Amino acid sequence: MKKTGNDLLPFIAMVIVQLGYAGSNIVTKIVMDTGMDPFVQTAYRPIFATISIAPFAYFLERKTRPRLTLSVLFQIFFCSIIGITANQYTFCIGLKYTTPTIVCAIDNLIPAFTFLLAVPFGLENLGLRSIAGQAKLIGTIVCVGGAMLLSLYRGPVVIGQLGFQWKYAESSGKDINSGHTNFLLGPFILIISSVTYALWLIIQARVNEKYAAPYSSTLLMFLMASFQCVIISYCVVPKASEWALTPIRAISVVYNGTVCSSLALYLCSWCIEKKGPLYISMFNPLLLVIAAFLSWILLGEKLYIGIVVGSILTVVGLYGFLWGQKKEMEQSENDLKEENKEENELCKADLEL
């Protein structure tokens, strides 16, 4: 019974996280279609994220926070540029020119891109002689192929529009499916967003080794990114009226800063502690399903054969990659156990002598 509870709570937590992310994509798409500039949207998000994460950093790490060195501070600054500023600008601009469904499909490329970037950094080995290594490589190729398919090919409509739309979607006066006139630009920018996030994961892993205070380092990243994004966005959009927050815009920036930053960070960190990082990645395809359903129901998105087949290929590739990663981890654990066993036997033999 206890084991069932331990399995159920992380599952519920990750479903909540995916619902939160899907809602963010829908609301962000709506406010940009109603006229909110993606640069303004990006500038507000780290500000509210900083405010919402501050209590976690203060209360959970005030007694365990290590000393902040100049070297670590510079790495956190670099992480803020790559993982927040560059990532969020490319995400919002990409979302403006495509649909939430395609956004979530391309998000499944992140583990594959992380693997490809980790190889030259010496953090991963191709290991093509093992089944696990082959599965990771094939999964990566299928993932990227699926993303290319949904980016370059539409084909006939599989599921058409519903007869009604959310009132905010109707008030935008735009057909979400007309965004496919830029269907090459949107996915291309989103792929860049996934690459920046994958690169951030690699750099952030180094930061965590030197500065074991994840909430504090995240707080510093969002604080630095707040200044970066406000300066950049003001240079691009200097008109004060463009920064005005209507009710739906205010909901969007507060929601993105709190639910998709502090709450998601806390729940994911807790699930990683309980179940490991691989467990988190397994829920990425659920985000695609939820976002596609909500986008169809609320925004009137049509689902084309290219999007459906490309999304399926991306998910299949992701699970193939994760299977290979799991097998590789199990092999490493078995090798470590064998080494420990041999050492124990040698020590035992020495004692007998």
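Residues numbered from 1 in each chain as written. Predicted model: local features only at pLDDT ≥ 70, side-chain atom pairs only at ≥ 80, totals over all residues. Heavy atoms only, no water.

**Details of the overall build of the chain**
For step 1, the next point in the chain: When helices and strands are counted, the chain shows 13 helices and two strands.
For step 2, the next point in the chain: Sorting the 353 residues of the chain into buried and exposed places 45% on the buried side.
For step 3, the next point in the chain: For the chain, the proportion of contacts with a sequence separation of at least 24, taken over those separated by at least 6, is 91%.
For step 4, the next point in the chain: Just so you have it, the chain exposes about 17,800 Å², and 68% of that area is on carbon and sulfur atoms. (Helix = DSSP H or I, 4+ residues; strand = E, 2+ residues; numbered from the N terminus. Buried < 20%, exposed > 50% of the residue type's maximum accessible area, 1.4 Å probe, protein only. Contact = heavy atoms within 4.5 Å. Areas by Shrake-Rupley, 256 points an atom, 1.4 Å probe, with all protein chains shown as cover.)

**Side note on the packing of aromatic side chains**
For step 1, the next point in the chain: Counting across every chain of the model gives five aromatic pairs.
For step 2, the next point in the chain: Each ring, one from tyrosine 44 and one from tryptophan 243, has its centre 5.8 Å from the other, and the planes form 65°; the classification is edge-to-face. Of the two residues, tyrosine 44 is situated in helix H2 (residues 38-61) and tryptophan 243 in the loop between helix H9 (214-236) and helix H10 (247-275); the sequence distance between them amounts to 199 residues.
For step 3, the next point in the chain: Residue classification places tyrosine 44 among the buried residues on the basis of a relative accessible area of 15%.
For step 4, the next point in the chain: Take tryptophan 243: its relative accessible area is 16%, and that puts it in the buried class.
For step 5, the next point in the chain: Residues tyrosine 58 and phenylalanine 59 carry aromatic rings whose centres are separated by 5.0 Å and whose planes lie at 85° to one another, so their mutual orientation is edge-to-face. (Phe/Tyr/Trp six-rings, centres within 6.5 Å; stacked < 30°, edge-to-face > 60°.)

**A few points about the packing of helix H3 (residues 70-96) against H9**
For step 1, the next point in the chain: Running from amino to carboxyl end, H3 crosses H9 at an angle of 55°, the nearest separation of the two axes being 8 Å. By the angle class used here, H3 and H9 are oblique. Between H3 and H9 lies a crossing whose hand is right-handed. Contacts between H3 and H9 pair Leu73, Ile76, Phe77, Cys79, Ser80, Ile81, Ile84, Thr85 and Tyr89 from the former with Ser217, Leu220, Met221, Phe222, Met224, Ala225, Gln228, Cys229, Ile232 and Ser233 from the latter.
For step 2, the next point in the chain: A breakdown of the residues in the contact of H3 with H9 according to their chemical character gives 14 nonpolar, five polar and no charged. (Axes fitted to C-alpha atoms, helices over the stretch in contact; angles between N-to-C directions. Parallel < 35°, antiparallel > 145°, perpendicular 65-115°, else oblique. Left-handed = near helix turned anticlockwise from the far one by under 90°. Nonpolar A, V, L, I, M, F, W, Y, C, P; charged D, E, K, R; others polar.)

**Thoughts on the packing of H2 against H9**
For step 1, the next point in the chain: It is at 8 Å that the axes of H2 and H9 come closest, and there the two elements cross at 160°. Viewed along their axes, H2 and H9 adopt a mutual orientation that is roughly antiparallel. Between H2 and H9 lies a crossing whose hand is left-handed.
For step 2, the next point in the chain: Along the lines of polarity and charge, the residues of the contact of H2 with H9 split into 20 nonpolar, six polar and one charged.

**Some details on the pattern of salt bridges**
For step 1, the next point in the chain: In this structure the tally under the stated criterion is one salt bridge.
For step 2, the next point in the chain: Note that lysine 29 is salt-bridged to aspartate 33, the shortest N-O span being 3.8 Å. One end of the pair, lysine 29, and the other, aspartate 33, are both in helix H1 (residues 2-33), four residues apart, so they sit about a helical turn from each other. Both residues of the pair, lysine 29 and aspartate 33, count as buried. (Salt bridge = Lys/Arg side-chain N within 4 Å of Asp/Glu carboxyl O.)

**Considerations on the nonpolar core**
For step 1, the next point in the chain: Met36, Val40, Tyr44, Phe91, Ile106, Leu109 and Trp243 are the most contacted members of the largest nonpolar core, which has 41 residues in total.
For step 2, the next point in the chain: Once you skip the residues sitting within four places of it in the chain, leucine 109 turns out to touch Cys143, Val144, Ala147 and Ile191.
For step 3, the next point in the chain: Formed by 16 residues, the second largest nonpolar core is a distinct cluster that contains Cys79, Ile82, Val207 and Met221. (Core = buried A, V, L, I, M, F, W, Y, C linked by side-chain atoms within 4.5 Å.)

**Details of the environment of threonine 50**
For step 1, the next point in the chain: Topologically, threonine 50 is positioned in helix H2.
For step 2, the next point in the chain: Under the relative-accessibility criterion, threonine 50 is labelled buried at 12%.
For step 3, the next point in the chain: Taking the C-alpha atoms as reference, threonine 50 lies 9.3 Å from alanine 225; in sequence the two are 175 residues apart.
For step 4, the next point in the chain: Excluding anything up to four places from it in sequence, threonine 50 contacts Leu219, Phe222, Leu223 and Ser226.
For step 5, the next point in the chain: Here the side chain of threonine 50 touches phenylalanine 222 through a polar contact of 3.3 Å, landing on its backbone oxygen. (Polar contact = N/O pair within 3.5 Å; in protein donor to acceptor, adjacent residues only side chain to side chain.)

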